[in-house]
Amino acid sequence: MKQKRSHRGPRLSIIGLLALLAPLTGVGGLRNVWLKTPVAVAPGQSATLVCLYDLEGEPLYTVKWYKGRQEFFRYVPKEHPHTRVFLQPGINVDVAASGPDRVVIRDVEEHLGGKYRCEVSTDAPNFHTIVVSAYMHVVHMPEGKPILRLEKYRYSIGDIIRGNCTSPPSNPPANITWVINGNTVNSSYISRTPVEKKYQTMALLEYEVNAFTPSKMKIVCIADVFGVYTTQEEVTVDEERPKIASVLGGGSGRLQSSFAQLVTFALAIVILTR
């Protein structure tokens, strides 16, 4: 008598696997948890960190906020007051502006750049928990525009444009991009020099001239810090054309001299033959 193979084992394994993955994927309730932080803020500014989530009808148990591994703020709807602050050096929570989906940090200090985490948990009976993280930079923004210098401001086709662009000091250092007639061009050299806890970026340009639009070329230097600060400087250079008038003038002088010599020679022959 043949025995029938049972498929219960694999089915139970799949069901068990789905049960284990449910808290991670949000199956059966909590899902779409997303942490939105400013890419960069300047020291002294306020930063609003937003934690978005979809409970799908489940009751919220708690939302916890961490800087690194240290919890600094918690929201618990069942408690009164709903919010709780855990003292951490330099983290000044604006409790009145914080709530179930956000925390506001006032007077951000320089050392507060780093990784932040939001932990969302639902209440009974499921007790789902999802943790998400994001990175926030604390930057010293550059003050003013970059300085753009060129070796000269008139060029011919085939010439090499040489110049440099220096950004104002910032921390982290600014990225510099060259754009010539709308096309991005790589820097030939980049250096970063420390200046009083900041960094000054200098980028060199070496570019062979291949076209003018028309008879002019626009060169742009863009300084950028994390996309939250962007400024630029630009110059326009002219095409250096051959001095046709002076060339013709020189040729005409030589022709006139030859003609004068020919006339003098002809007069001398006439005089001698009389």
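Use the structure listed above.
Calculation notes
Residues numbered from 1 in each chain as written. Predicted model: local features only at pLDDT ≥ 70, side-chain atom pairs only at ≥ 80, totals over all residues. Heavy atoms only, no water. Pairing = 2+ DSSP bridges. Helix = DSSP H or I, 4+ residues; strand = E, 2+ residues; numbered from the N terminus. Salt bridge = Lys/Arg side-chain N within 4 Å of Asp/Glu carboxyl O. Buried < 20%, exposed > 50% of the residue type's maximum accessible area, 1.4 Å probe, protein only.

Draft legend 1. The sheet that holds strand β7 (residues 92-93), seen in detail. One open sheet accounts for four strands, arranged β1-β3-β8-β7; its pairing is antiparallel. Only two strands of the sheet have a single neighbouring strand rather than two, namely β1 (31-36) and β7. As paired strands, strand β3 (residues 47-54) and strand β8 (residues 102-106) are joined by four bridges and run antiparallel to one another. Residue Val 50 lies in a different strand from β8, and its bridge partner there is Arg 102.

Draft legend 2. Representation of the sheet that holds strand β15 (residues 183-185). Pairing is mixed in the open sheet, where five strands are placed in the order β12-β19-β18-β14-β15. Sheet topology places β12 (154-155) and β15 at the edges, where each strand pairs with a single neighbour. Inspection of the sheet shows strand β14 (residues 175-180) paired to strand β18 (residues 216-225) by six bridges, in the antiparallel sense. Residue pairing in the sheet places Val 179 in a bridge with Val 220 of β18.

Draft legend 3. View of the pattern of salt bridges. In total, this model carries eight salt bridges according to the counting rule given. We note a salt bridge from Arg 31 to Glu 56, for which the minimum N-O separation is 2.9 Å. Placement of Arg 31 in strand β1 and of Glu 56 in the loop between β3 and β4 (60-67) is noted, with a sequence separation of 25 residues between them. A salt bridge links Lys 152 to Asp 159, with the nearest nitrogen and oxygen atoms 3.8 Å apart. Exposure remark for Lys 152: the relative accessible area of 34% places this residue in the partly exposed category. Classification of Asp 159 as partly exposed rests on a relative accessible area of 23%. A cluster of three or more residues bridged by salt bridges with shared partners is formed by Arg 154, Lys 216 and Asp 238.

Draft legend 4. Looking closely at the environment of Glu 79. Its location among the elements puts Glu 79 in the loop between β5 (70-75) and β6 (83-85). Note: C-alpha distance between Glu 79 and Thr 62 (17 residues apart in sequence) is 9.8 Å.

Draft legend 5. Focus on unusual backbone geometry. The step from His 80 to Pro 81 runs through a cis peptide bond, and the omega angle for that step is 0°. Assignment of secondary structure puts Pro 81 in the loop between β5 and β6. Of note, the amide linkage connecting Asn 171 to Pro 172 takes the cis form, showing an omega dihedral of 5°. Here Pro 172 lies in the loop between β13 (160-166) and β14. The backbone of Asp 107 shows a phi angle near 50°, a positive value even though the residue is not glycine. Tracing the chain through its elements places Asp 107 in the loop between β8 and β9 (114-122). Of note, the phi angle at Asn 181 is positive, near 50°, even though the residue is not glycine. Structurally, Asn 181 can be placed in the loop between β14 and β15.

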